[in-house]
Amino acid sequence: MPAGAAGLAADAYVYGVALVRQMSAVQACLQEGYGVLGPAPFNAFAHADGPPTPDAHVPGAAPDLVDAVAQLDLSGGPVRLHVPDTGGAYYVLQFVDAWSNAFAYVGSRATGTGEGDWLVVPPGWAGTVPDGVAVVDAPTSVVSLVGRIACHGPDDLPRVRALQQELTLTHLGDRAHRTGVPAPDSDVPGALAFYERMRVWMADFPPAAADLAHQDRFQPLGLLEEGLSPYVSPGPALVRALTRGLELGRERVEAASAFARSPGAWEAEPHLHDYNLDHFGAGVLRSPQWRVPGREAAYLVRAVAARRALWEPHGYEAVAASTDRDSRGRPFDGTHRYVLRLDPPPLVGAFWSMSAYEVPGDHLVAGPEERYALGSRTPGLVYDGDGALTLYVSGERPTAPAREANWLRAPSGGFRLVMRMYVPGRAVLDGEYVLPPVERTA
């Protein structure tokens, strides 16, 4: 092994962990399901029955969205996507390639809410596009289609379920598509399984041309070998380099994931998914402010995003801000009462909502009311005379009617709050609008 092989293996981990996590998620969707979604084959949607509830025990679940996820395989040719008219209601379909790049969006912000058809085509495809159909050029032959449909309570579910029925995929290729993802060699020892998956999936899903020179650096590690895996019977020097590199790479990503915390501040990362430097389909902004400057810096940001927020959209589609401490830096505890005064409420093009999650576990808070979020579309919110909005968070229901309308239940112990802003306004993205700290009142 060359000198510095462990450092090279750490570079490889940072470069490839998004690919491995993305394709592992694809595999899970095909075989076991994902979150509240059951398994579904390639080129078919898996639909949630409704918004997640505390019973689902899905960490960090958004209670005002219904998931619709499909894994597309384009190895046999294009897939046609049909979307219904949502009548102005918010939804988004996010296209994610094998390297976890969000490379296109269809939905309210990007393409509107009218009925339409898109042809998702594989790399290098040169066929005929049907009349009236837009094209989505996929960078890789496998694509995750991550859908989110706004649902504003149980009374809104029939509308959402009708939309699910009209959301369809049709395989138009002239060859059969895959039934699973390419399989790593099962004889590779577990300690080297990450690099084996990376090797196999890099070969099947080539990166952007501009990434190839960086990827070629990993030839001494066996990552570019084809055919028989070099990790079935590796030499001791290679094993040492790869195992140490795995440790170093994980430490590097962990360090880059840390937040700088100030008392009571909300944490948000509107630029966590700006690592896509090459693929700009419908709805993806090309401006420099939405691209990480420098390729190697983008690899690290991509690794952090894959570790912490796989399949989350760009900040201009949605921003989630969270906090678990009050204005004096004290952890939230449901035995106390809290107030958040929004003056003004979040500035958004779609809607905003705030939810509470138990700590630890990060599950939605259970309670007698089937209301797990407060937001701009919550019926009966009471605004202050100056247009501001005061929200109340506590374990016990307030006695004053105005406070009850603006109340979010807290659990008996620790918790955190998440504020989601869909299609956030320019002031949110530029940092001009700042969520105020939460005040503990009792």
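Quick note: structure is the one above.
Residues numbered from 1 in each chain as written. Predicted model: local features only at pLDDT ≥ 70, side-chain atom pairs only at ≥ 80, totals over all residues. Heavy atoms only, no water.

Trainee: Just checking my understanding: could you explain the side chain of R148 for this structure?
Mentor: Structurally, R148 can be placed in strand β8 (residues 142-150). Buried and without a salt bridge, R148 has E312 as its closest oppositely charged side chain, separated by 4.4 Å. Once residues within four sequence positions are removed from consideration, R148 is found in contact with L65, V66, D67, Y91, V92, Q94, W311, E312 and P313. (Helix = DSSP H or I, 4+ residues; strand = E, 2+ residues; numbered from the N terminus. Buried < 20%, exposed > 50% of the residue type's maximum accessible area, 1.4 Å probe, protein only. Lys, Arg positive; Asp, Glu negative; His and termini not counted. Salt bridge = Lys/Arg side-chain N within 4 Å of Asp/Glu carboxyl O. Contact = heavy atoms within 4.5 Å.)

Trainee: I'm lost on the layout of surface pockets in this one. Help?
Mentor: With a probe scaled to a water molecule rolled over the atoms, the places where space remains empty come into view. Quantified by volume, the largest pocket comes out at close to 1,400 Å³. Together, 46 residues line the largest pocket, and G60, R308, A309, E312 and R420 are the ones closest to its centre. Secondary-structure elements contributing two or more residues to the lining of the largest pocket are β2 (65-73), β8, β10 (318-323) and β16 (415-422). At six residues, β10 tops the list of elements feeding residues into the lining of the largest pocket. Approximately 500 Å³ is the volume found for the second largest pocket. For the second largest pocket, the lining is made up of 25 residues, of which P63, H152, G153, P154 and E370 are closest to its centre. Counting only elements with at least two residues in the lining of the second largest pocket, the list comes to α3 (157-166), β12 (352-358) and β13 (374-375). Class assignment for the residues of the lining of the second largest pocket results in twelve nonpolar, seven polar and six charged. (1 Å grid on protein atoms, 1.4 Å probe; cavity = no way out; pocket = protein on both sides within 12 Å on 5 of 7 lines; lining within 4 Å. Points joined across faces, edges and corners; volume = space filled by probe spheres on them. Nonpolar A, V, L, I, M, F, W, Y, C, P; charged D, E, K, R; others polar.)

Trainee: Any chance you could explain the sheet that holds β12 here in plain terms?
Mentor: Whether parallel or antiparallel, the strands of a sheet pair through hydrogen bonds between backbone atoms. If you walk across this open sheet you meet the four strands as β10-β16-β12-β13, and the pairing is antiparallel. Each end of this open sheet is capped by a strand with a single partner; those strands are β10 and β13. One ladder, built from six bridges, connects β10 with β16; its direction is antiparallel. Counted as the bridge partner of A321 is M419 from β16. (Pairing = 2+ DSSP bridges.)

Trainee: Any chance you could explain the environment of Y383 here in plain terms?
Mentor: For Y383, the location among the structural elements is in the loop between β13 and β14 (389-394). With 19 residues separating them along the chain, Y383 and A402 place their C-alpha atoms 9.0 Å apart.

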